[in-house]
Amino acid sequence: MADRRRHVGARLLPGVVLTVLALSAPPAVAVDAAGPRGNYMLQCMGCHLLDGSGMAGKVPDMRGIIGKFQYVEGGREFLGRVPGVAQAPIDDAKLTDVLNWTVRNFADPADRARFKPYTVDEVARLRRQPLTDITNTRARLVEKLPAGQ
Ligand code: HEC
């Protein structure tokens, strides 16, 4: 700090002063990591992969199908309750952003247009209602999802 004051006091060229200011701004990457895409990369991508395709036999492919859950009873709730979502080590507001980003990003355009974003209160409530029988709950929902996946 004392250093910088001395430099500015020394009447450096404006360009140099601007450079000093630019260097003291937080790095752009830190800002990105706090956003929903950054949080997806940190918290979700390890299993779901960047393109949402998942891992055959282990992690379901979200592409196209994720936007269909909104049409079946319990589907919307299910997305907020799966362990990967409910237990993500981020606060309710950040989790809401990342869940909304995930649905919008991997849904088909028509489903994306109909998707009503989760509210923070909703996600806060859902994540505290863990699923007891994930495999069967998911299978029952998937059976009812409309076609066009
Ligand atoms: C440890 C691996 C793992 C991580 C990390 C993870 N998930 Fe998942 N996710 C799964 C698996 C496996 C399923 C299928 C349901 C189940 O068995 O939990 C799933 C299901 C889902 C579903 C429901 C879709 C479906 O077809 O069942 C959504 C939405 C979802 N995850 C979003 C996320 C988001 C958002 C994050 C990050 C905040 C995340 N997941 C982190 C493994 C993971």
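As shown above, the structure is provided for reference.
In what follows, the accompanying structure is described.

Thresholds applied
- Residues numbered from 1 in each chain as written.
- Predicted model: local features only at pLDDT ≥ 70, side-chain atom pairs only at ≥ 80, totals over all residues.
- Heavy atoms only, no water.
- Helix = DSSP H or I, 4+ residues; strand = E, 2+ residues; numbered from the N terminus.
- Buried < 20%, exposed > 50% of the residue type's maximum accessible area, 1.4 Å probe, protein only.
- Contact = heavy atoms within 4.5 Å.
- Areas by Shrake-Rupley, 256 points an atom, 1.4 Å probe, with all protein chains shown as cover.
- Donors = N, O, S within 2.8 Å, 3.2 Å for Na, K, Ca; no water.
- Salt bridge = Lys/Arg side-chain N within 4 Å of Asp/Glu carboxyl O.

Some details on the overall build of the protein
Here comes step 1: When helices and strands are counted, the protein shows 11 helices and zero strands.
Here comes step 2: Residues classed as buried in the protein amount to 34% of the 149 residues present.
Here comes step 3: Sequence-distant contacts, at least 24 apart, represent 63% of the contacts inside the protein between residues at least 6 apart.
Here comes step 4: For the protein, the computed accessible surface area is about 9500 Å², with 59% contributed by carbon and sulfur atoms.

Topic: the coordination of the iron atom of the ligand
Here comes step 1: A lone protein donor contacts the iron atom of the ligand, and this donor is H48 (NE2), found at 2.0 Å.
Here comes step 2: Summarising the element assignment, H48 is placed in helix α5 (residues 45–48).

Considering the pattern of salt bridges
Oppositely charged side chains can form a pair if their charged atoms are brought close together.
Here comes step 1: Per the stated rule, a full pass over the model turns up seven salt bridges.
Here comes step 2: A salt bridge links K68 to D108, with the nearest nitrogen and oxygen atoms 3.7 Å apart. Of this pair, K68 sits in the loop between α5 and α6 (75–81) while D108 sits in the loop between α8 (92–106) and α9 (109–114), placing them 40 residues apart in sequence.
Here comes step 3: A salt bridge links D92 to R127, with the shortest nitrogen-to-oxygen separation between them at 2.8 Å. Linking D92 in helix α8 with R127 in the loop between α10 (120–126) and α11 (134–144), this pair joins segments that are 35 residues apart in sequence. Of the two residues, D92 and R127, neither departs from the other in class, the shared state being buried.
Here comes step 4: Several salt bridges converge on common partners, so that one network encompasses D51, D61 and R63.

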